[in-house]
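Summary of the model geometry
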Amino acid sequence: MVCAPTTELRPMLRRRQIDLGIVSLSELASPEIIRREDFVWVANSSRPAILDRHILPLALSAPVTLDYRAACDVMEASKRRYRVAFASNSLAGLTAIARSGHAVSVFTRTAVPPDLFVITDGLPALPTIGLSVEFGESRPSVIAKALAEHIRSTLPSL
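This is a predicted model, so every value here is computed, not measured.

In an α-helix, one turn spans 3.6 residues, which is why side chains three or four residues apart end up on the same side. The terminal C-alpha atoms of helix α2 (residues 66–77), which comprises 12 residues, lie 16 Å apart, in line with the 16 Å expected from a rise of 1.5 Å per residue. Every buried residue belonging to α2 is among L66, D67, Y68, A70, A71, C72, V74 and M75, and all of these are buried. Residues of α2 that are buried in the fold lie against β1 (20–25), β2 (35–43), β3 (56–60), β4 (82–87), β5 (104–108) and β7 (128–135). One or two steps after α2, the chain reaches K79, where phi turns positive at roughly 60 degrees.

This is the structure:
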């Protein structure tokens, strides 16, 4: 099992280093989407003091990820000044920074721990992404197909 951003999983799938991957898609019209997830702004309070800063510090994952691009795109479109003050591909790292109050982060709504808050006022709305299963082989093994079917049947209800 490998936990990595989609931009890392897809090359691993192409090289057949992994049998299947759960990947994120920005294109929500795809029939392959098995679950939709909203991106949300996350901080240590519902109205953190750092929202009043002239340049908002953000804690984001790698620049090639959908959450990073979504955050930067909506901030630029709204003409809100920001800087990526912290970067981590680890949800634990982003969670720690959000808890510290030093930056606002972006999570999927279901990934927000109970001690953090979704910020709904003062920041531009973030997009929704889709999750899909992709195979490393054009003719996946029986086991890979069975696991994919299990994921497709259970992930939507989690």
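After that view, the rundown keeps rolling.
Our focus in this paragraph is the pattern of salt bridges. Pairs can form between side chains of opposite charge whenever their charged atoms are close. By the definition in use, this model includes five salt bridges. The salt bridge involving E134 is made with R10; its shortest N-O contact spans 2.7 Å. With a gap of 124 residues between them, E134 in strand β7 and R10 in helix α1 (residues 6–14) connect regions that are remote in the sequence. A residue is classified by how much of its surface remains accessible, and E134, at 23% relative accessible area, is partly exposed. Using a relative accessible area of 28% as the deciding quantity, one classes R10 as partly exposed. Two residues, E37 and R35, come together in a salt bridge whose shortest N-O distance is 2.6 Å.

Rules behind the numbers
Residues numbered from 1 in each chain as written. Predicted model: local features only at pLDDT ≥ 70, side-chain atom pairs only at ≥ 80, totals over all residues. Heavy atoms only, no water. Helix = DSSP H or I, 4+ residues; strand = E, 2+ residues; numbered from the N terminus. Expected span 1.5 Å × (residues − 1). Buried < 20%, exposed > 50% of the residue type's maximum accessible area, 1.4 Å probe, protein only. Contact = heavy atoms within 4.5 Å. Salt bridge = Lys/Arg side-chain N within 4 Å of Asp/Glu carboxyl O.

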